[in-house]
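Structure at a glance
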Amino acid sequence: MNFWKRLAVLAALLLALASPAAAERPLLTIGVLKFGTASWELDTIRANRLDEEGGFALKLVELASNQATQVALQAKAVDMIVTDYLWVARQRAAGETLSFLPHSSAVGALMVPASSPIRDVADLRGKRIGVAGTPLDKSWLLLKAYARERHGLDLDAESRPAFAAPPLLNQKLASGEMDAVLNFWPYAARLEAQGMRAVIGVDELMRGLGAKVAVPAVGFTFREEWAKANPTLLAGFAAASEKAKRILATSDAAWERLRPIMQAEDDTTWARLRDRYRAGIPAHWGDAERAEGAKLYALLAKLGGRELVGDAPTLPDGTFWPNVRY
């Protein structure tokens, strides 16, 4: 064996001694959307070997839709998924004990062309508004509540809402078929990169309706029975997740590395996606954020009713996993 081969073998042995082999670490399986933005954090965990540091091995299972991830979690095909805490609360109220760790408070925005005369929510009277999702979309409920409370405007009766998939809404705004679109944050960021303008962000709607701190609406969701059976694994993941968030908040090099999976058409889109993602990274997670989450839930339950939250008009205890804060 020549010198270089011996050196390679020695390096491999030292690496094996320095960190436990993946087979020896407990496996954490997370169901993700193939092009979902949560994968950026999870990829950062693996690239920085934060899973090894946390004593677990991370496996990602790509699934086709949010509904598919939810079914996979309920069928125990994965340990964890990324979803919003309203769904977690509804399932918990129905007897399925799911719980939630924060991932992102990024939501979305009401977008218009740069030359649009729409400058405020009051200007939406009579306008064609594209809304991502359904009439029960959280952002739409909040926009309606804000319009009614601040401007005495009933958007259901005094505007022309249309509900569609996010990519289609972006196309319709660009073609002039819509006057404004209320879209999820990655699609709003892409519109910004094309020169479109934000009238108001969903985070601003929340503050306008009384929110004091940002609420991470989307998070890592798991079964409580699994968490209680794997406390060390969950704690290791929570620590790795928090470290990855700080890397993404501060390191431009980390975002350069993520370029291939971000599907950014150009540098401007890449920068907008990076900046809007960073804006949604929770700075804190503790009692204040949990309390604000419960208040927001109660407001949405009032606005959306049983069709939105089922039999849980208030946030069920345990929706937010209690043993993590930063």
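Structure shown above.
Residues numbered from 1 in each chain as written. Predicted model: local features only at pLDDT ≥ 70, side-chain atom pairs only at ≥ 80, totals over all residues. Heavy atoms only, no water.

Bringing the pattern of salt bridges into the picture now. Side chains that differ in charge, positive against negative, can pair when their charged atoms come close. Enumeration over the complete set of coordinates arrives at 22 salt bridges. For the salt bridge of glutamate 52 with arginine 25, the shortest nitrogen-to-oxygen distance reads 4.0 Å. Of this pair, glutamate 52 sits in helix 3 (residues 50–53) while arginine 25 sits in the loop between helix 1 (3–18) and strand 1 (27–33); the two residues are 27 residues apart in sequence, bridging distant segments of the chain. Taking the shortest distance from any N to any O, the salt bridge between glutamate 225 and lysine 76 comes out at 3.0 Å. In this pair, glutamate 225 is assigned in helix 11 (residues 224–229) and lysine 76 in the loop between helix 4 (66–74) and strand 3 (80–84), connecting sequence segments 149 residues apart. The class for glutamate 225 is partly exposed, based on a relative accessible area of 48%. Linked by salt bridges that have partners in common, Arg25, Arg49 and Glu52 make up one network. (Salt bridge = Lys/Arg side-chain N within 4 Å of Asp/Glu carboxyl O. Helix = DSSP H or I, 4+ residues; strand = E, 2+ residues; numbered from the N terminus. Buried < 20%, exposed > 50% of the residue type's maximum accessible area, 1.4 Å probe, protein only.)

Quick look at empty space enclosed by the protein now. Inspection of the entire model under this criterion finds one cavity of 30 Å³ or more. Reported here for the largest cavity is a volume of approximately 60 Å³. Together, Leu101, Pro102, Phe237, Ala238, Ser241, Glu242, Lys245, Val324 and Tyr326 line the largest cavity. Residue assignment for the lining of the largest cavity shows that the elements contributing at least two residues are strand 4 (98–104) and helix 12 (231–250). With five residues, helix 12 is the single largest residue contributor to the lining of the largest cavity. The residue makeup of the lining of the largest cavity, split by class, is six nonpolar, one polar and two charged. (1 Å grid on protein atoms, 1.4 Å probe; cavity = no way out; pocket = protein on both sides within 12 Å on 5 of 7 lines; lining within 4 Å. Points joined across faces, edges and corners; volume = space filled by probe spheres on them. Nonpolar A, V, L, I, M, F, W, Y, C, P; charged D, E, K, R; others polar.)

Here the focus is the nonpolar core. Of all hydrophobic cores here, the largest spans 48 residues; its most connected members are Tyr85, Leu110, Leu124, Leu142, Leu143, Leu155 and Tyr297. In terms of residues, this core owes the most to one element, helix 6 (residues 138–151), which gives seven residues. Apart from residues no more than four positions distant in its own chain, tyrosine 297 is found in contact with Tyr85, Leu86, Ala89, Val309, Ala312, Pro313, Thr314 and Leu315. Residues Ile45, Leu50, Ala240 and Trp321 belong to the second largest nonpolar core, which totals 24 residues. (Core = buried A, V, L, I, M, F, W, Y, C linked by side-chain atoms within 4.5 Å. Contact = heavy atoms within 4.5 Å.)

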